[in-house]
Amino acid sequence: MDEPTEPTEPTEPTEPTPRDPAQTPDAAVEVPIRTLLAADSPRTVQVDEAHAQALAHSDRTLPPLLVHRPTMRIIDGTHRLRAAVLRGRDTVGVTYFDGSAEDAFVISVEANISHGLPLTQAERSAAALRILRSHPDWSDRGIARRTGLAARTVATLRRREAPGPEPPGRVGQDGRIRPADPVRGREAAARLLAGHPTASLRQIAREAGIAPSTVRDVRRRIGEGADPVPAAQRRSADTPAPAPPPVPPRGRGQPLPALVTSLCKDPLLRLSDAGRLLLRMLDLQVSGLRQWERIVAAIPPYRVETAAAAAAQCAQDWQELSDELRRRASAHTPA
């Protein structure tokens, strides 16, 4: 799945992605060449001897190597190291990176696609797969930028080659978290809105892992009686719309109060004006059933016929509503 296509306003900031040493370089220091370990490189062939020879015979001063301080493993500069050896040097200038080995590999990949000999497609794909496994919460576009691949290529690798638990969100290139599955995020927001109708947009957004603007759209769609997830998003995620549990007809299982209680739990009904109207009508019906004897006793004899006619008309109207709902249910039932 490609990076989520939610609009929009990001949620809470997260930890920054690996520092690019080129942006804030440490002072270079000279270290003995024998203390350095071979690079954990994305390249299949570690050293291109012809390229190293060309560097060794050039007159220019070569930039310092980038080294992972905890392991003394080269991150960037294998060919420069080989050139220093060919020049007869015993020491070489280095700058240090102090992060994790996983982040050091990411920086190595970024360095190899930005300068020097280009990585092959197979090498970039292998690097992307390794980053997917070490940083599963990074977005497809973020990994694509670091490896020189297309975001869709990274998405395909994630889906086919790096299966595992899907993190609730992914870190975008701006360092913000966005939901890995926008459909689930919207559905979670709908449930939260139903349970906490007075909660702020930002509070719902934090709990659902989506942007406040998306929560606002979910609330608007529910208020209009629509699915909180746009049809295009459901199609792209290949996720069927949530269907209500089958309700057995009255007389074949649940009594009316239980049916009404079940309907009252549905967020789409509770958050739309028409849905709330239906729930109030049904609740009034349940309350009336409990007080039939009092209602009958309260009607004056000269109003009994009129009340009976009104009740019959209500029964007919309810039957028409029931028939229409059943027709709608049949239309949405797969053959």
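Note: the structure precedes this text.
So, the overall build of the protein
And step 1. A count of helical and extended segments in the protein gives 15 helices and six strands.
And step 2. Pairs at least 24 apart in sequence give 71% of the contacts found in the protein among residues at least 6 apart.

Digging into helix H11 (residues 256-264)
And step 1. Along H11, the positions that sit buried rather than exposed are Leu256, Leu259 and Val260. One side of H11 carries all its buried residues, which in axial view fall inside an arc of 95°.

Quick look at the sheet that holds strand E3 (residues 73-76)
And step 1. The sheet built from four strands is open, its strands ordered E1-E4-E2-E3 with mixed pairing. The open sheet has two free edges, formed respectively by strand E1 (29-32) and E3, since each of these has just one partner strand. The mean inter-strand angle of the sheet, taken between neighbouring strand axes irrespective of direction, is 55°.
And step 2. The strands touched by helix H2 (residues 78-86) within the sheet are strand E2 (65-68), E3 and strand E4 (91-97), with E3 carrying the most contacts at an inclination of about 115°.
And step 3. The sheet contacts of helix H3 (residues 101-114) involve E2, E3 and E4, and relative to E3 the element is tilted by about 40°.

Concerning the packing of helix H8 (residues 201-208) against helix H9 (residues 212-223)
What describes two packed helices is the angle between their axes and the distance between those same axes.
And step 1. In contact at an axis separation of 8 Å, H8 and H9 are set at 105° when each is read in the N-to-C sense. Classed by the angle they form, the pair H8 and H9 counts as roughly perpendicular. On the side of H8, the interface is formed by Leu201, Arg202, Ile204 and Ala205, while H9 contributes Pro212, Val215, Arg216 and Arg219.

Regarding unusual backbone geometry
Trans peptide bonds make up the majority, and among non-glycine residues the majority have a negative phi.
And step 1. For methionine 72, which is not a glycine, the phi torsion comes out positive at approximately 60°.
And step 2. Take methionine 72: it is sitting in the loop between E2 and E3.

Structural notes on the side chain of aspartate 140
And step 1. Take aspartate 140: it is sitting in helix H5 (residues 140-147).
And step 2. Separated by 2.8 Å, the side chains of aspartate 140 and arginine 158 make a polar contact.

Quick notes on H2
And step 1. Taken together, the buried positions of H2 are occupied by Thr78, His79, Arg80, Leu81, Ala83 and Ala84.
And step 2. Residue glycine 88 follows H2 closely and has a positive phi angle near 85°.

Comments concerning the environment of serine 287
And step 1. One can find serine 287 in helix H13 (residues 273-289).
And step 2. In the structure, serine 287 is positioned 30 residues away from proline 257 in sequence and 9.1 Å away in space, judged by C-alpha atoms.

With respect to the pairing of E3
Where a strand is regular, its side chains alternate between the two sheet faces.
And step 1. Sheet topology places E2 next to E3; three bridges connect them, and they run antiparallel. The residue of E3 that forms the bridge with leucine 66 is aspartate 76.
And step 2. Where E2 folds back on E3, the antiparallel hairpin that results is connected by four residues, among which methionine 72 adopts a positive phi of roughly 60°.

Side note on the pairing of E2
And step 1. Both faces of E2 are covered, namely the face carrying Leu65 and Val67 and the face carrying Leu66 and His68.
And step 2. The pairing of E2 with E4 spans four bridges and is classified as parallel. When the bridges of E4 are listed, leucine 66 appears paired with threonine 95.

Remarks on the environment of glutamate 123
And step 1. Residue position: glutamate 123 is located in helix H4 (residues 121-134).
And step 2. The spacing of glutamate 123 and valine 45 is 78 residues in sequence and 9.9 Å in space, taken between C-alpha atoms.
And step 3. In this structure, glutamate 123 is in contact with Pro42, Arg43, Thr44 and Val45, ignoring residues within four places of it in sequence.

Basis of the calculations
- Residues numbered from 1 in each chain as written.
- Predicted model: local features only at pLDDT ≥ 70, side-chain atom pairs only at ≥ 80, totals over all residues.
- Heavy atoms only, no water.
- Helix = DSSP H or I, 4+ residues; strand = E, 2+ residues; numbered from the N terminus.
- Contact = heavy atoms within 4.5 Å.
- Buried < 20%, exposed > 50% of the residue type's maximum accessible area, 1.4 Å probe, protein only.
- Arc of directions from axis to C-beta.
- Pairing = 2+ DSSP bridges.
- Axes fitted to C-alpha atoms, helices over the stretch in contact; angles between N-to-C directions.
- Parallel < 35°, antiparallel > 145°, perpendicular 65-115°, else oblique.
- Polar contact = N/O pair within 3.5 Å; in protein donor to acceptor, adjacent residues only side chain to side chain.

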